[in-house]
Amino acid sequence: MEKGTLRIATCQFAVGASIKRNAASIGRFLGQAKQAGADLVHFSECALSGYVGTDFPNFEGYDWDLLKQETLKIMEQAGKLGLWVVLGSTHPLTPPNKPHNSLYLISPDGKIVDRYDKRFGTPGDVRRLTSGNRFVHFVVNGVKCSLLICFDLRFPELYRELYRHDVHCVLQSFYNARQSGPSIHTHIMRQTMQCRAATNHFWVSMANSSAYYSPYPSCFIQPDGMIVSQLKPNRPGMTVNTVDLSRTFYDPMEGFREMALAGQLTNGPDNLDDPRSKDTGTL
């Protein structure tokens, strides 16, 4: 039986083009998360920087100095509060390379200890941003976590790799917001992540922007695939949940998952010498 507990505050607010307004919302949630006894605070994709292509068309005239200043303030606050922070932002590269869409991992001493760069961008992303090429894993209180961003959910191979790396919890940041109204995302995003959780048996924190119209709210999923908590759509909020490795969950794939990972795509016998099995054209 593995042991370890981690209290995660999953936060949502109306991310927009104003770095200062985004930073103010982030700062308020850090204070609330500390009061709620959280160990780690999780924010949505591009929560501080705003999302290029939606909140602003391109990076022409973008205030990178202000973004750095506000990031440093958030790091300082995280250090004062003793919190882990997963902060969605945009990371500039050396011109002419396009920036990364990133999650900064900030430690309780207020330092950036790693950065995850979105590995799979949408077609719009790849016109404006540079995709990353590495996982980011870290351990807090015995719980092994990994970071992913939004469109990564379309690639189940990523989650199989996380399972191979013995990840317990995925912190995945999203930006599906400022849409014209209800969309397919309402019906597929949480549901896909429920599948990723159940088929790989790990916890998932989903943090989305709540800017109107947001087709689904942020939520928290346990290893059997059930959503145990979710926020109200299109409204700012925070949900605090506990990853507890001592708990057991329904997992009918146990004992078979490794077979599939090894390329054995049946849990039946390798060779069945039975003519009634081999003859597939008769009753």
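The following refers to the structure shown. (Residues numbered from 1 in each chain as written. Predicted model: local features only at pLDDT ≥ 70, side-chain atom pairs only at ≥ 80, totals over all residues. Heavy atoms only, no water.)

## A look at the side chain of S44
Worth spelling out the cut-off: Here a helix means four or more residues in a row that DSSP labels H or I, a strand means two or more in a row labelled E, and each is numbered from the N terminus. For the exposure calls, accessible area comes from a 1.4 Å probe over protein chains only, and a residue counts as buried if that area is under 20% of its type's maximum, exposed if over 50%, partly exposed in between. Residues are treated as being in contact if the distance between any of their heavy atoms lies within 4.5 Å.
Along the polypeptide, S44 turns up in the loop between β2 (40-42) and α2 (64-81). Take S44: its relative accessible area is 1%, and that puts it in the buried class. Setting aside residues up to four positions removed in sequence, S44 forms contacts with C11, V15, G88, S173, F174, A207, N208 and S209.

## Some thoughts on the packing of aromatic side chains
What counts, and what does not: Aromatic pairing here means that ring centres of Phe, Tyr or Trp (its six-membered ring) are within 6.5 Å. Orientation follows from the plane angle: under 30 degrees is stacked, over 60 is edge-to-face, and everything else is tilted. Here, a charge over a ring is recorded when the distance from Lys NZ or Arg CZ to the ring centre is within 6 Å and its angle to the ring normal is within 35 degrees.
The tally for this structure, following the rule as stated, stands at 14 aromatic pairs. Each ring, one from Y212 and one from Y213, has its centre 5.3 Å from the other, and the planes form 90 degrees; the classification is edge-to-face. Look at Y212 and you get exposed, because its relative accessible area is 61%. Taking relative accessible area as the criterion, Y213 reaches 19% and is therefore assigned buried. Aromatic ring contacts, followed pair by pair, group F56, F59, Y62 and W64 into a single cluster. Lying over the aromatic face of F135, R119 brings its terminal NZ or CZ to 4.5 Å of the ring centre.

## Describing the pattern of salt bridges
Going by this rule: When a carboxyl oxygen of Asp or Glu lies within 4 Å of a side-chain nitrogen of Lys or Arg, that pair is called a salt bridge.
This structure, assessed with the given rule, holds eleven salt bridges. With a shortest N-O distance of 3.2 Å, K20 and E70 are connected by a salt bridge. On the criterion of sequence distance, the pair formed by K20 in helix α1 (residues 19-35) and E70 in helix α2 is long-range, its members being 50 residues apart. Overall, E70 belongs to the buried group, its relative accessible area being 7%. If you follow the salt bridges from partner to partner, you end up with K20, E70 and K73 in one network.

## Side note on the pairing of strand β1 (residues 5-12)
Our working definition: Here a strand pair is declared whenever DSSP counts at least two bridges between the two strands. Viewed with both strands pointing away, a crossover whose connecting path from the first strand over the helix to the second turns clockwise is right-handed.
Burial analysis of β1 places six of its eight residues in the buried class, which makes it a mostly covered element. Pairing geometry for β1 and strand β12 (residues 237-244), over eight bridges, is antiparallel. Within the sheet, the bridge partner assigned to I8 lies in β12 and is N241. Here β1 runs beside β2; their pairing, made up of three bridges, is parallel. The partner of A9 across the bridge, within β2, is V41. Handedness of the crossover joining β1 and β2 through α1 is recorded here as right-handed.

Distances and angles like these do not, on their own, reveal function.
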